[in-house]
Amino acid sequence: MTTNTIEPPVQAVARDAHWRAKMARLKARALPERTVRICDDDAAKAAVTDAQLKLAQARAAARTAAAGHGIEDSQVDAFVGAHPQVVIAHSVLATAEQALADATIELTFRALPRPVWEALLAAHAPTEEQADKGQDYNVDTFPSALIAASHVERDAAGTEVDGMTVADAQSLLDEWSDGDAKVLFTGALMVNQKLRADLGKG
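Cut-offs applied
Residues numbered from 1 in each chain as written. Predicted model: local features only at pLDDT ≥ 70, side-chain atom pairs only at ≥ 80, totals over all residues. Heavy atoms only, no water. Helix = DSSP H or I, 4+ residues; strand = E, 2+ residues; numbered from the N terminus. Rg over C-alpha atoms; globule rule 2.2 N^0.38 Å. Axes fitted to C-alpha atoms, helices over the stretch in contact; angles between N-to-C directions. Parallel < 35°, antiparallel > 145°, perpendicular 65-115°, else oblique. Left-handed = near helix turned anticlockwise from the far one by under 90°. Contact = heavy atoms within 4.5 Å. Pairing = 2+ DSSP bridges. Buried < 20%, exposed > 50% of the residue type's maximum accessible area, 1.4 Å probe, protein only. Polar contact = N/O pair within 3.5 Å; in protein donor to acceptor, adjacent residues only side chain to side chain. Core = buried A, V, L, I, M, F, W, Y, C linked by side-chain atoms within 4.5 Å. Expected span 1.5 Å × (residues − 1). Bend = angle between axes of the 7 residues up to and from the residue. Phe/Tyr/Trp six-rings, centres within 6.5 Å; stacked < 30°, edge-to-face > 60°.

(A) Region of the structure containing the overall build of the protein. Scanning the protein for helices and strands turns up 9 helices and 4 strands. Reading the protein from its N terminus to its C terminus gives the helix and strand order α-β-α-α-α-β-α-α-α-β-β-α-α. Taken against the 2.2 N^0.38 rule, which gives 17 Å for 202 residues, the C-alpha radius of gyration of the protein at 27 Å runs more than 25% over that of a compact globule. Taking the principal axes of the C-alpha coordinates as reference, the protein spans close to 90 × 70 × 40 Å.

Dropping the structure here:
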């Protein structure tokens, strides 16, 4: 008995492989993340701003010096970068930036998968009064729940570890100023509502 094997068209095979590769890339997309930086050290912030200004001034002075020394245009950037005052200003800025980083607390939020997001909204549906005001969620319970669910904490090695609890989030929302509390909630909210797809013009 002879068995005839029917080979699929070459073009169909190519299209299938192309789509599988594209689908693999789509499924491999990481959920978006957003970082909120909190720093109460005004002196550290001012030091960075001052160092940035002095670096700009040092670069301008070095460019003027380059013109005075007849440095060729192709060599000006190298001359400016190696100028002693620029090197010193760079060092001062790096030190100021490190001090600011040490004084800054970073909170990272990651978007929730759509089913998790919808379940969270359902679990914190608005009260009848809130719904009448056009609220999409319970303003008393949803913010802390979203912050805790979206928060991502990593250790020094970059490994994800346990992060903020709902109680932690509620404590911050209650104890911080209204403006700071809004920044915290907005950080978690925006990462879940950020659009990364471009519809294009067709």
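(B) Broad picture of the packing of helix H2 (residues 42-68) against helix H4 (residues 84-103). Contact geometry for H2 and H4: axes closest at 9 Å, N-to-C directions at 165°. Overall, the two elements H2 and H4 adopt an arrangement that is roughly antiparallel. Crossing handedness for the pair H2 and H4: left-handed. Along the contact surface, H2 presents Ala44, Lys45, Ala47, Val48, Ala51, Gln52, Lys54, Leu55, Ala58, Arg59 and Ala62, while H4 presents Gln85, Val86, Ala89, His90, Val92, Leu93, Ala96, Glu97 and Leu100.

(C) Here's a closer look at the pairing of strand S3 (residues 151-154). Judged from the 2 bridges that link them, strand S2 (residues 105-110) and S3 form a sheet pairing that is antiparallel. Of the residues in S3, the one forming a bridge with phenylalanine 109 is histidine 151. As defined by bridge partners, S3 adjoins strand S4 (residues 160-161) across 2 bridges and the pair is classed as antiparallel. Looking across to S4, one finds that arginine 154 is bridged to glutamate 160.

(D) Seen up close, the side chain of histidine 151. Assignment of secondary structure puts histidine 151 in strand S3. Take histidine 151: its relative accessible area is 11%, and that puts it in the buried class. Looking at histidine 151, its side chain comes within polar contact range of the side chain of glutamate 153, at 3.2 Å. At 2.9 Å, the side chain of histidine 151 forms a polar contact with the backbone nitrogen of methionine 164. Residue contacts for histidine 151: discarding those within four places in its chain leaves Leu107, Thr108, Phe109, Gly163 and Met164.

(E) Broad picture of the nonpolar core. Counting 21 residues, the largest nonpolar core has Phe109, Phe142, Leu146, Ile147 and Phe185 as its most contacted members. Put simply, the parts of the chain that give this core at least two residues each are S2, helix H5 (114-123), helix H7 (142-150), helix H8 (166-175) and helix H9 (178-193). For this core, the leading source of residues is H9, giving 6 residues. Among the nonpolar cores identified, the runner-up in size contains 12 residues, and Ala51, Leu55, Ala62 and Val80 belong to it.

(F) Region of the structure containing H9. The end-to-end C-alpha distance of H9, which contains 16 residues, comes to 22 Å, matching closely the 22 Å that a straight helix rising 1.5 Å per residue would cover. At threonine 186, H9 is deflected by roughly 25°, the largest bend along its length. Those residues of H9 that are buried are in contact with strand S1 (33-38), S2, H5, H7 and H8.

(G) Structural context of the packing of aromatic side chains. Across all of its chains, the model carries 4 aromatic pairs by this definition. Taken together, a centroid distance of 5.9 Å and an interplanar angle of 80° make the contact between tryptophan 117 and phenylalanine 142 edge-to-face. Highlighted residues: tryptophan 117 in helix H5 and phenylalanine 142 in helix H7, separated in sequence by 25 residues. Both residues of the pair, tryptophan 117 and phenylalanine 142, count as buried. Measuring from ring centre to ring centre gives 6.1 Å for tyrosine 137 and phenylalanine 185, while their planes differ by 75°; the resulting arrangement is edge-to-face. Of this pair, tyrosine 137 sits in the loop between helix H6 (128-132) and H7 while phenylalanine 185 sits in helix H9, and the two are 48 residues apart along the sequence.

(H) The environment of aspartate 50, seen in detail. Summarising the element assignment, aspartate 50 is placed in helix H2. Between the alpha carbons of aspartate 50 and alanine 96 there is a distance of 9.2 Å; along the sequence they are 46 residues apart.

On their own, these measurements won't tell you what the molecule is for.
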